[in-house]
Amino acid sequence: MENESNNFANQPTQNDPFGSKPIFSNEPIVNNGPKKQSGLGIAAFIIGLVSVVLLIIAFVSGSSFADQIADSNLTLADPEDTAAFQASIEALGETVLASFVIAIACIFGAGFLAFIALILSIVAACSSKRRKMFGVIGIVLNVLVIVGAISLFFAGIGALAANVA
């Protein structure tokens with residue numbers, strides 16, 4: 001009798017998901033229906049869309065800044081002359097500087113959000129219990145946003161350097 005209780009103790013029960021199961025078994029395969037969408041993947045996709053909107057705002061604001069700089073007569077004869085620089089900055093006005101600050105804040109905000117969403121989408125794509133569609137779309141979208149933010153940042157620096165020089 002003691003030998004029989006040992007055999008039953010080693011057998012997995014139906015409530016034990018971590019128990020070993022025989023390779024060939026007559027137990028029916030439990031199918032819980034189709035997999036659900038990953039919540040992390042959906043969140044990463046939505047955050048990626050917000051990042052795209054921030055990049056569009058940064059592009060429009062940066063274009064406005066570049067147009068206002070090109071239309072102004074910002075010249076620096078001597079970089080050491082801080083009074084001349086201060087006078088040229090004051091001549092530009094508040095709207096020019098505001099568009100510059102908005103563009104920079106949107107670029108860095110979009111990059112930060114896209115980085116967070118990229119991590120979420122990688123986790124969602126690696127999940128085996130959920131669908132991977134939004135995770136994969138999130139990876140592609142957020143990588144494109146990060147590359148776009150870096151490109152827009154360097155293009156803005158290049159345009160600013162070309163106008164000042």
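Analysis parameters
Residues numbered from 1 in each chain as written. Predicted model: local features only at pLDDT ≥ 70, side-chain atom pairs only at ≥ 80, totals over all residues. Heavy atoms only, no water. Helix = DSSP H or I, 4+ residues; strand = E, 2+ residues; numbered from the N terminus. Buried < 20%, exposed > 50% of the residue type's maximum accessible area, 1.4 Å probe, protein only. Contact = heavy atoms within 4.5 Å. Areas by Shrake-Rupley, 256 points an atom, 1.4 Å probe, with all protein chains shown as cover. Core = buried A, V, L, I, M, F, W, Y, C linked by side-chain atoms within 4.5 Å. Phe/Tyr/Trp six-rings, centres within 6.5 Å; stacked < 30°, edge-to-face > 60°. 1 Å grid on protein atoms, 1.4 Å probe; cavity = no way out; pocket = protein on both sides within 12 Å on 5 of 7 lines; lining within 4 Å. Points joined across faces, edges and corners; volume = space filled by probe spheres on them. Nonpolar A, V, L, I, M, F, W, Y, C, P; charged D, E, K, R; others polar. Patch = residues over 30% accessible without salt bridge, like charges linked within 9 Å, V, L, I, M, F, W, Y side chains within 5 Å. Salt bridge = Lys/Arg side-chain N within 4 Å of Asp/Glu carboxyl O.

1. Here's the deal with the overall build of the protein
Broken down by element type, the protein carries 5 helices and 0 strands. Listing every helix and strand of the protein by position from the N terminus yields α-α-α-α-α. Expressed as a percentage of its 165 residues, the buried residues of the protein come to 19%. In the protein, 81% of the contacts between residues at least 6 apart in sequence involve partners at least 24 apart. Here the protein displays about 11700 Å² of accessible surface, and carbon together with sulfur accounts for 67% of that area.

2. Re the environment of Cys 106
Inspection of the secondary structure assignment puts Cys 106 in helix α4 (residues 94–126). On the accessibility criterion, Cys 106 (10% relative accessible area) is buried. Separated by 44 residues in sequence, Cys 106 and Gly 62 place their C-alpha atoms 9.9 Å apart. Cys 106 has contacts with Leu 54, Ile 57 and Ala 58, leaving out every residue within four places of it along the chain.

3. What about the nonpolar core?
Core analysis: the biggest nonpolar cluster contains 8 residues, these being Leu 55, Ala 58, Cys 106, Ile 107, Ala 110, Ala 114, Val 145 and Ala 149. When contributions to this core are tallied by element, the ones reaching two or more residues are α2 (39–71), α4 and α5 (133–164). Looking at this core element by element, the count peaks at 4 residues for α4. Residues within four places of Ala 110 in sequence aside, it is in contact with Ser 51, Leu 54, Leu 55 and Val 145.

4. Structural notes on the environment of Leu 55
Structurally, the position occupied by Leu 55 is in helix α2. Here the alpha-carbon distance between Leu 55 and Ile 107, two residues 52 residues apart in the chain, equals 6.0 Å. If we ignore the near neighbours within four places in the chain, the residues touching Leu 55 are Ala 110, Val 145, Gly 148, Ala 149 and Leu 152.

5. What to know about the packing of aromatic side chains
Evaluated as defined, the whole model comprises 3 aromatic pairs. Considering the side-chain rings of Phe 153 and Phe 154, the 5.6 Å spacing of their centres and the 65 degrees angle between planes classify their relative orientation as edge-to-face.

6. Thoughts on the layout of surface pockets
What the largest pocket holds in volume is close to 320 Å³. The wall of the largest pocket is formed by 19 residues, among which Gly 62, Phe 65, Leu 152, Gly 156 and Ile 157 lie closest to the centre. Take the lining of the largest pocket: its biggest share by element is 8 residues, from α5. Tallied by class, residues from the lining of the largest pocket come to 15 nonpolar, 4 polar and no charged.

7. Thoughts on a nonpolar patch on the surface
Taken together, the side chains of Leu 40, Phe 112, Phe 115, Ile 116, Ile 119 and Val 123 present a nonpolar region at the surface, about 540 Å² in accessible area. You can see Phe 115 is positioned in helix α4.

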